[in-house]
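As a plain string of letters, each chain reads:
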Amino acid sequence: MKIKNRYGWHLRFPTFRSKAMRRLGKDPNEFNMGLGEWIIVAGVLLFNFDIIPASIPYHEELRIIMLALFTLVGGFAIVRRKAPRRRWTNASWATGVFALVLTVSPWILYHIDEFSMAEAININIIAGVAWLIFVGCLLRLRYIRRRSKQTIALLRMRQKRRHAEY
């Protein structure tokens, strides 16, 4: 909200917004974390605090699976309200980069003696699942592109018919 006095000075109140600003939505410079980002942060914190007791078998693998689930749920919460083409494009990019990192990083860490061979192979198995998800996202994106082209062609055809009638 901007108040103008008789001397030409402007007083701005950033907490109050005009109706137009509320209609236009968020300010791109304003930092605001949504539900999806909070879920991802919670997953990372739970992964770092090691809440699964060591007495449970496969407790390291359960920690990794828990982090992956929190990341997937957070990612779903981030993209759930976007348009389908934008959603699947973002999902394709995210899963592709994630799968590439999961494929390459264990072998780099293995060669600098951070991982054992078994850990590198386990992470590469998870990377294989990520590559399958990536292919599924690409196929879905291809389907949505084809469907939108068909819809546009159908609308143009109907418009030509309407103009031909007159």
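Below is a summary of the structure that appears in this document.

Calculation notes
- Residues numbered from 1 in each chain as written.
- Predicted model: local features only at pLDDT ≥ 70, side-chain atom pairs only at ≥ 80, totals over all residues.
- Heavy atoms only, no water.
- Phe/Tyr/Trp six-rings, centres within 6.5 Å; stacked < 30°, edge-to-face > 60°.
- Helix = DSSP H or I, 4+ residues; strand = E, 2+ residues; numbered from the N terminus.
- Buried < 20%, exposed > 50% of the residue type's maximum accessible area, 1.4 Å probe, protein only.
- 1 Å grid on protein atoms, 1.4 Å probe; cavity = no way out; pocket = protein on both sides within 12 Å on 5 of 7 lines; lining within 4 Å.
- Points joined across faces, edges and corners; volume = space filled by probe spheres on them.
- Nonpolar A, V, L, I, M, F, W, Y, C, P; charged D, E, K, R; others polar.
- Patch = residues over 30% accessible without salt bridge, like charges linked within 9 Å, V, L, I, M, F, W, Y side chains within 5 Å.
- Areas by Shrake-Rupley, 256 points an atom, 1.4 Å probe, with all protein chains shown as cover.
- Salt bridge = Lys/Arg side-chain N within 4 Å of Asp/Glu carboxyl O.
- Lys, Arg positive; Asp, Glu negative; His and termini not counted.
- Charge placed at Lys NZ, Arg CZ, Asp CG, Glu CD.

**Quick word on the packing of aromatic side chains**
Taken as a whole and judged by the stated rule, the model has two aromatic pairs. Residues Trp-107 and Tyr-110 carry aromatic rings whose centres are separated by 6.0 Å and whose planes lie at 85° to one another, so their mutual orientation is edge-to-face. In this pair, Trp-107 and Tyr-110 are both assigned in helix H4 (residues 84–111), three residues apart and thus about one turn of the helix distant. Given the relative accessible area of 29%, Trp-107 is considered partly exposed. Arranged with centres 5.7 Å apart and planes meeting at 80°, the rings of Trp-131 and Phe-134 form a pair that is edge-to-face. Placement of both Trp-131 and Phe-134 in helix H5 (residues 117–165) is noted, with a separation of three residues, approximately one turn of the helix. Judged by its relative accessible area of 18%, Phe-134 falls in the buried class.

**Here's the deal with the layout of surface pockets**
Taken as a whole, the largest pocket spans an internal volume of roughly 1300 Å³. Lining the largest pocket are 36 residues; nearest its centre among them are Ala-68, Thr-71, Phe-98, Leu-102 and Ile-126. Among the secondary structure elements, those contributing two or more residues to the lining of the largest pocket are helix H3 (59–79), H4 and H5. Grouping the amino acids of the lining of the largest pocket by side-chain chemistry returns 25 nonpolar, six polar and five charged.

**A word on unusual backbone geometry**
Phi at Tyr-58 takes a positive value of approximately 60°, unusual for a residue other than glycine. Of note, Tyr-58 is situated in the loop between helix H2 (35–49) and H3. With a relative accessible area of 66%, Tyr-58 lands in the exposed category.

**What to know about a positive patch on the surface**
Positive charge collects at one region of the surface, where Lys-82, Arg-85, Arg-86, Arg-145 and Lys-149 lie side by side. Sorting the residues of the positive patch by element identifies H4 and H5 as the ones contributing at least two each. By relative accessible area, which is 61% here, Lys-149 ends up exposed.

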